[in-house]
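# A closer look at the structure
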Number of protein chains: 2
Amino acid sequence: MTYCCGILVRDGLVMIADTRTNAGLDNVSTFRKLHVFEEPGRHVLALSTAGNLSISQAVISTLQEGLDNPETGLKDTLSTCTSMFRATQLVGRAVRHVYDLYGEALKDADLRFDVSFLFGGQVNGGRMRLFMIYAAGNFIECTSDTPFLQIGEHKYGKPVLDRSITFETDLYDALKSGLISMDSTMRSNLGVGMPIDVLMARRDAGQAELNFRVEAGEPYFHDLRERWSAALRAAHTSIPRPPYGR
Amino acid sequence: MTYCCGILVRDGLVMIADTRTNAGLDNVSTFRKLHVFEEPGRHVLALSTAGNLSISQAVISTLQEGLDNPETGLKDTLSTCTSMFRATQLVGRAVRHVYDLYGEALKDADLRFDVSFLFGGQVNGGRMRLFMIYAAGNFIECTSDTPFLQIGEHKYGKPVLDRSITFETDLYDALKSGLISMDSTMRSNLGVGMPIDVLMARRDAGQAELNFRVEAGEPYFHDLRERWSAALRAAHTSIPRPPYGR
């Protein structure tokens, strides 16, 4: 399993992803699912992946190699895209390219072409945006009404985000909420696990403010988990018992 | 959708179920999903249902009419079962009976025989037990290691239970946690909704201590939702912002 969330607030973007993968229940590994593409001053882009690892890795490699542009005869890469919208379309094209290569063979093996992405960032000083890209290469955009998107095992960590994130949330508060959301998910699903990769980019900064791996035992995250547990226990205790039937 | 949870602690049993059903997204109704069978002094039993409403209602009606017992020539009902285990087996037989009647026709209509149950209670002063019954009529039992079971849309409300419920939890605290879990689920999934049915039975009491419907706007539940939200906001605020990258 996987859990990734992307949060887009007024001040900027937060992307968080776990690193646990499993092929069946007994083959568990650590793979990076948050990929950062950065050219300071030009673009900062973060792509997080869920689903079949062979597909998502092939999409990443395809983006790195570039896709043929029949009109120009050149390669389209994230570095040639002039806007977030075009960059997102390029990721979608890479997904369809991988589908064309492996989709039929996967179907023959009774495997779904199962992959999804969060893709956020800013290109050439344009609008900072966050998208969710589906297996068909189509995508939706995060808006200020619901300023976060999730892929993978999203349900355990959604209540935390539903309650805490608005478009006006401070960037570091958004990161904190994302980490609490990740903690809730890891507690309820063993398929989501440490370490956690974090990308934070402030709007118009032109480069990442934070590109960080939270390892197991990292003091702040450990403290956050303890404090959150204690606060939830205290919240429970502070609510009176139901008066029903008395 | 549906959300039901059953909690079995040392002091007794709590069962909570929402009442929202939908056929498609635009046909939303209210139906009772928590069914209580009580003969004070003999048994108190609660059966909550998730899945296809026509199947779960047919199972309830089958239990009310009784199932033929080829050995005795009589009808087996919940009132003739001498233990929780036999009562649970009877529910399983009722599920298979309904499957025999409609399973093939559902398959022809490309519909899965989708149903599951939580079934808890106490019979004849025997052990108080809680089971989850599957569509094949097989079942698992709740144990003190993880003293709750859930059916339906279970993920949103699981972190709350994971953190708050142990076998030693007070019965009214278990009810409170179950209601918070229901609140979390309702906030994140519109397919789960008010009113909420609640059954609470104290071990060896021989009858339900509480058999109650929480209507929208009921003061305690309204207050619980407000307090829980406020406590979560306070918990968020009390945790320091991440020091990363500073």
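Before reading further, recall that the structure is shown in the block above.
A quick note: this is a predicted structure, and the numbers were derived from the prediction, not measured.

Calculation notes
- Residues numbered from 1 in each chain as written.
- Chains lettered and ligands numbered in written order.
- Predicted model: local features only at pLDDT ≥ 70, side-chain atom pairs only at ≥ 80, totals over all residues.
- Heavy atoms only, no water.
- Contact = heavy atoms within 4.5 Å.
- Buried area = accessible area lost by both parts, 1.4 Å probe.
- Salt bridge = Lys/Arg side-chain N within 4 Å of Asp/Glu carboxyl O.
- Helix = DSSP H or I, 4+ residues; strand = E, 2+ residues; numbered from the N terminus.
- Nonpolar A, V, L, I, M, F, W, Y, C, P; charged D, E, K, R; others polar.
- 1 Å grid on protein atoms, 1.4 Å probe; cavity = no way out; pocket = protein on both sides within 12 Å on 5 of 7 lines; lining within 4 Å.
- Points joined across faces, edges and corners; volume = space filled by probe spheres on them.
- Pairing = 2+ DSSP bridges.
- Axes fitted to C-alpha atoms, helices over the stretch in contact; angles between N-to-C directions.
- Phe/Tyr/Trp six-rings, centres within 6.5 Å; stacked < 30°, edge-to-face > 60°.
- Buried < 20%, exposed > 50% of the residue type's maximum accessible area, 1.4 Å probe, protein only.
- Lys NZ or Arg CZ within 6 Å of the ring centre and 35° of its normal.
- Core = buried A, V, L, I, M, F, W, Y, C linked by side-chain atoms within 4.5 Å.

### Let's talk about the interface of chain A and chain B
The interface is formed by 46 residues belonging to chain A together with 46 residues belonging to chain B. For the pair chain A and chain B, the two sides together bury roughly 4,300 Å², of which 62% comes from carbon and sulfur. Of all residues in chain A, the largest losses of buried area upon contact with chain B belong to Arg163(A), His236(A) and Tyr244(A), amounting jointly to 21% of the total for that side. In this structure, the connection of chain A to chain B is made through 8 salt bridges. In this structure, Arg241(A) and Asp173(B) form a salt bridge, with 2.9 Å as the shortest nitrogen-oxygen distance. Taken together, the elements giving at least two residues each to the side of chain A that touches chain B come down to helix 3 (158-164), helix 4 (171-188), strand 14 (210-214) and helix 5 (219-238) of chain A. With 12 residues, helix 5 of chain A is the single largest residue contributor to the side of chain A that touches chain B. In terms of residue class, the side of chain A that touches chain B is built from 22 nonpolar, 10 polar and 14 charged.

### Describing the layout of surface pockets
Space inside the largest pocket adds up to approximately 560 Å³. Together, 26 residues line the largest pocket, and Asn22(B), Gly51(B), Asn52(B), Leu53(B) and Asp114(B) are the ones closest to its centre. Looking at the lining of the largest pocket residue by residue, the classes come out as 9 nonpolar, 13 polar and 4 charged. Taken as a whole, the second largest pocket encloses approximately 450 Å³ of empty space. In terms of lining residues, the second largest pocket is bounded by 20 residues, among which Thr21(A), Asn22(A), Gly51(A), Asn52(A) and Leu53(A) are the most central. Those elements that place two or more of their residues in the lining of the second largest pocket are strand 3 (20-22), strand 6 (43-51) and helix 1 (53-65) of chain A. Per-class residue counts for the lining of the second largest pocket are 6 nonpolar, 10 polar and 4 charged.

### Quick notes on the sheet that holds strand 5 (residues 34-39) of chain A
Residue and element names in this part refer to chain A. Reading across from one edge, 5-6-9-10-11 is the order of the 5 strands in this open sheet, with antiparallel pairing throughout. Strands at the two margins of the open sheet, each flanked by one partner only, are strand 5 and strand 11 (139-141). Each neighbouring strand pair of the sheet contributes to a mean axis angle of 20°, computed without reference to strand direction. Pairing analysis gives 6 bridges linking strand 5 to strand 6, with the strands arranged antiparallel. Each residue of the ladder has a partner; that of Glu39, found in strand 6, is His43. Where helix 1 meets the sheet, its contacts fall on strand 5, strand 6 and strand 9 (115-123), and the angle it forms with strand 6 comes to roughly 155°. Against the sheet, helix 2 (residues 84-108) touches strand 6, strand 9, strand 10 (129-133) and strand 11, its axis set at about 155° to strand 9.

### A word on the packing of aromatic side chains
Where two aromatic rings form a pair, the distance of their centres and the angle of their planes describe that pair. Applying the stated criterion across every chain, the model contains 10 aromatic pairs over all chains. Here the aromatic rings of Phe85(A) and Phe139(A) are separated by 5.9 Å at their centres, their planes lie at 75°, and the arrangement is edge-to-face. Of the two residues, Phe85(A) sits in helix 2 while Phe139(A) sits in strand 11, which places them 54 residues apart along the sequence. The interplanar angle of 85° and the centroid separation of 5.4 Å between the aromatic rings of Tyr220(A) and Tyr244(B) together place this pair among those described as edge-to-face. On the criterion of chain membership, the pair formed by Tyr220(A) in helix 5 and Tyr244(B) in the segment after helix 5 (219-238) is interchain, its members lying in two chains. Residue classification places Tyr220(A) among the buried residues on the basis of a relative accessible area of 8%. Through a chain of ring-to-ring contacts, the aromatic side chains of Phe85(A), Phe131(A) and Phe139(A) assemble into a single cluster. Against the face of Tyr99(A) rests Arg96(A), its NZ or CZ located 4.3 Å from the ring centre.

### Description of the environment of Thr88(A)
Residues and elements named next belong to chain A. Mapped onto the secondary structure, Thr88 falls in helix 2. Separated by 44 residues in sequence, Thr88 and Met132 have C-alpha atoms that sit 9.1 Å apart. Apart from residues lying up to four places away in sequence, Thr88 is in contact with Phe119, Phe131, Ile133 and Phe139.

### With respect to the nonpolar core
Counting 68 residues, the largest nonpolar core has Leu175(A) and Leu175(B) as the members making the most contacts within it. With residues near it in sequence (within four places) discarded, Leu175(A) still touches Val14(A), Ile16(A), Val198(A), Met200(A), Leu210(A), Pro242(B) and Tyr244(B).

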